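Structure assessment
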Amino acid sequence: MTDPLIVELRDVVKTYPGPPAVEALRGVSVSIAAGEHVAVVGRSGSGKSTLMAILGLLDRPSAGHYALAGVETSQMPDATRSSMRAAHLGFVFQSFHLLPDRDVVENIALGMLYGGCPADERRARAIDVCERVGLAHRASASVRHLSGGEQQRVAIARAIAGAPALLLADEPTGNLDPDNAEDVLALLDALRTDGTTLVVVTHDPEVARRADRRLRMTAGLIEDGEG
Ligand SMILES: Nc1ncnc2c1ncn2[C@@H]1O[C@H](COP(=O)(O)OP(=O)(O)O)[C@@H](O)[C@H]1O
Ligand SMILES: [Mg+2]
């Protein structure tokens, strides 16, 4: 049996109204199976971040269809989209978007804020995930005292704390030196053991190489990679 699809995009168009109007996605169709690790590559301006915003339910297609975990989302009311986001999605960005004055566990627990999980359980799970990303010894450190690589590990921990079916990462190693990038990559690889689906935008050939599949974007269109 093949794995169920987590992502099904059909003929997705995204036009920014401007002026001048920009057609950032020009009819994108792609399916991603549960547990797949997919890299999205392509030149600056080719539509990668727009695609991620659509996948993350942060923005809506101007036309076309997006089914997330089998549920069609394009016509959903905003409130339903927000609860789907909390239930199914995790986000990691190039800049870490952490609260610098809060400690590691508090930052991780924030990832579960909108998932309906009680505060004490959020904290317990945050401590678990903190250990998983190798930061148990830094659990009560203020985030501003961590290295860049450690901060990205906190951001990943925050993103996976709610056990998302789909993790979206936009240039997660873009601001890291090679050693720290390697730690982050190992962590993303380790997500395979619990079946997390990963879509990662990257300019880093090593990140792309480790994915199961590469999608190349050119001027708002996707061409499927070599598998
Ligand atoms: N909010 C916006 N308003 C208008 N144009 C935008 C907006 N966001 C992105 N664009 C344009 O859409 C195209 C795709 O952008 P983007 O998805 O950010 O590409 P990438 O992430 O591959 O660099 C670019 O031409 C960009 O200038
Ligand atoms: Mg981008």
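A quick note: this is a predicted structure, and the numbers were derived from the prediction, not measured.

About the criteria used
- Residues numbered from 1 in each chain as written.
- Chains lettered and ligands numbered in written order.
- Predicted model: local features only at pLDDT ≥ 70, side-chain atom pairs only at ≥ 80, totals over all residues.
- Heavy atoms only, no water.
- Phe/Tyr/Trp six-rings, centres within 6.5 Å; stacked < 30°, edge-to-face > 60°.
- Helix = DSSP H or I, 4+ residues; strand = E, 2+ residues; numbered from the N terminus.
- Buried < 20%, exposed > 50% of the residue type's maximum accessible area, 1.4 Å probe, protein only.
- Near = heavy atom within 4 Å.
- Polar contact = N/O pair within 3.5 Å; in protein donor to acceptor, adjacent residues only side chain to side chain.
- Areas by Shrake-Rupley, 256 points an atom, 1.4 Å probe, with all protein chains shown as cover.
- Expected span 1.5 Å × (residues − 1).
- Arc of directions from axis to C-beta.
- Contact = heavy atoms within 4.5 Å.
- Salt bridge = Lys/Arg side-chain N within 4 Å of Asp/Glu carboxyl O.

Observations regarding the packing of aromatic side chains
Under the definition given, this model contains one aromatic pair. Their ring planes at 0° and their centres at 6.1 Å tell us that Phe91 and Phe93 sit as a pair that is stacked.

Quick look at the environment of Ala124
With respect to the helices, strands and loops of the structure, Ala124 is situated in helix α4 (residues 119-132). Overall, the relative accessible area of 42% leaves Ala124 in the partly exposed class.

Re the site of ligand 1
Taken together, Tyr16, Val22, Ala24, Arg43, Ser44, Gly45, Ser46, Gly47, Lys48, Ser49 and Thr50 make up the full set of residues adjacent to ligand 1. At a separation of 2.8 Å, an oxygen atom of ligand 1 approaches a polar side-chain atom of Lys48. Measuring from an oxygen atom of ligand 1, one finds a backbone N or O atom of Ser49 at 2.9 Å. Look at ligand 1: alone it shows 560 Å² of surface, and the protein chains cover 58% of it.

Section: helix α6 (residues 178-190)
Between its first and last C-alpha, α6 extends 18 Å over 13 residues, near the 18 Å set by a 1.5 Å rise per residue. Every buried residue of α6 is accounted for by Asn180, Ala181, Val184, Leu185, Leu187 and Leu188. Angularly, the buried residues of α6 cover 160° about the axis, an arc narrow enough to put them on a single face. α6 presents Pro178 and Asp179 as exposed residues on the side facing more than 90 degrees away from its buried surface. Along its buried surface, α6 packs onto β3 (37-42), α4, α5 (148-160), β7 (166-170), β8 (197-201) and α7 (205-210). Where α6 starts, the residue carrying a side-chain oxygen 3.1 Å from the main-chain nitrogen of Asp179 turns out to be Asp177.

Looking at the pattern of salt bridges
With the rule as written, the count across this model stands at 13 salt bridges. Linking Asp78 and Arg60 is a salt bridge whose minimum nitrogen-to-oxygen distance equals 2.8 Å. Taken together, the residues span a long stretch of sequence, with Asp78 in helix α2 (residues 78-88) and Arg60 in the loop between α1 (48-55) and β4 (63-68) at a distance of 18 residues. Of the residues examined, Asp78 reaches a relative accessible area of 53% and is grouped as exposed. Residue Arg60 is classed as partly exposed on the basis of its relative accessible area of 25%.

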